[in-house]
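Chain residues, written in single-letter form:
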Amino acid sequence: MDIAQSTIAAERLCQSCGACCAYSQNWPRFSIEDDDALALIPEQFVNARQSGMRCDGDRCSALSGKIGVAVRCEAYAVRPEVCRTCMPGDAECNMARKRHGMAAITVVPA
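Residues numbered from 1 in each chain as written. Predicted model: local features only at pLDDT ≥ 70, side-chain atom pairs only at ≥ 80, totals over all residues. Heavy atoms only, no water.

Enquirer: Quick one: what's the story with the overall build of the protein chain, residue by residue and with numbers?
Expert: Secondary structure summary: the protein chain contains 4 helices and 4 strands in total. Listing every helix and strand of the protein chain by position from the N terminus yields α-α-β-β-β-β-α-α. Taken across its 110 residues, the protein chain has 32% of its residues classed as buried. Pairs at least 24 residues apart make up 57% of the contacts formed inside the protein chain by residues separated by at least 6 positions. A total accessible area of about 7100 Å² is found for the protein chain, and carbon and sulfur atoms account for 54% of it. (Helix = DSSP H or I, 4+ residues; strand = E, 2+ residues; numbered from the N terminus. Buried < 20%, exposed > 50% of the residue type's maximum accessible area, 1.4 Å probe, protein only. Contact = heavy atoms within 4.5 Å. Areas by Shrake-Rupley, 256 points an atom, 1.4 Å probe, with all protein chains shown as cover.)

Following this line, the structure appears as structure tokens:
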């Protein structure tokens, strides 16, 4: 499997999961984003403290769809760094999947 294929496979996996986006209201926090990057995130998805994404319970407000079935991020192109760095099968991914009763993912190196 080449890099392009593994990227597509990872995107499909994430679009059928979404557990990381519904793990904790403290998860989708802003950390290293600069003001210009933060200004791109639509206001309705930013929390009142402007410290992270607004959540409905533990679920990020930018997440649409059903966890474990089909989901999408309504702010994907401008999502925070913490969202960009969570990868299928990493510790954060598997911790979130476990919380939602889903099996861990084991990533096989290419």
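Enquirer: Residues and numbers for the pattern of salt bridges, please.
Expert: Side chains that differ in sign of charge can pair as their charged atoms come close. By the definition in use, this model includes 3 salt bridges. We note a salt bridge from R54 to D56, for which the minimum N-O separation is 2.8 Å. Put simply, D58 and R99 hold a salt bridge, and the shortest N to O gap is 2.7 Å. Here R99 lies in helix α4 (residues 91-99) and D58 lies in the loop between β1 (55-56) and β2 (59-60), a separation of 41 residues in the sequence. (Salt bridge = Lys/Arg side-chain N within 4 Å of Asp/Glu carboxyl O.)

Enquirer: Lay out the layout of surface pockets in plain terms, naming residues and giving numbers.
Expert: Its volume calculated, the largest pocket comes out at about 720 Å³. When residues of the lining of the largest pocket are traced back to their parent elements, those giving at least two are α1 (3-15), β4 (70-73) and α3 (81-85). The element best represented in the lining of the largest pocket is α1, accounting for 6 residues. Of the residues assigned to the lining of the largest pocket, the class counts are 22 nonpolar, 3 polar and 4 charged. (1 Å grid on protein atoms, 1.4 Å probe; cavity = no way out; pocket = protein on both sides within 12 Å on 5 of 7 lines; lining within 4 Å. Points joined across faces, edges and corners; volume = space filled by probe spheres on them. Nonpolar A, V, L, I, M, F, W, Y, C, P; charged D, E, K, R; others polar.)

Enquirer: Outline the pairing of β4, listing residues and values.
Expert: Inspection of the sheet shows strand β3 (residues 63-66) paired to β4 by 4 bridges, in the antiparallel sense. Residue pairing across strands places L63 opposite C73, the latter belonging to β4. The antiparallel pairing of β3 with β4 creates a hairpin that spans 3 residues between the two strands, and G68 there sits at a positive phi of about 80°. (Pairing = 2+ DSSP bridges.)

Enquirer: How would you sum up the packing of aromatic side chains? Please name residues and give values.
Expert: Per the counting criterion, the structure on display carries 1 aromatic pair. Judged by centre distance (5.7 Å) and plane angle (75°), the ring pair of Y23 and W27 falls under edge-to-face. Relative accessible area serves as the criterion here: at 12%, W27 is assigned to the buried category. Sitting over the ring of Y76, R79 keeps its end group 3.8 Å from the ring centre. The cationic tip of R99 hangs over the ring face of Y23; the distance from NZ or CZ to the ring centre is 5.5 Å. (Phe/Tyr/Trp six-rings, centres within 6.5 Å; stacked < 30°, edge-to-face > 60°. Lys NZ or Arg CZ within 6 Å of the ring centre and 35° of its normal.)

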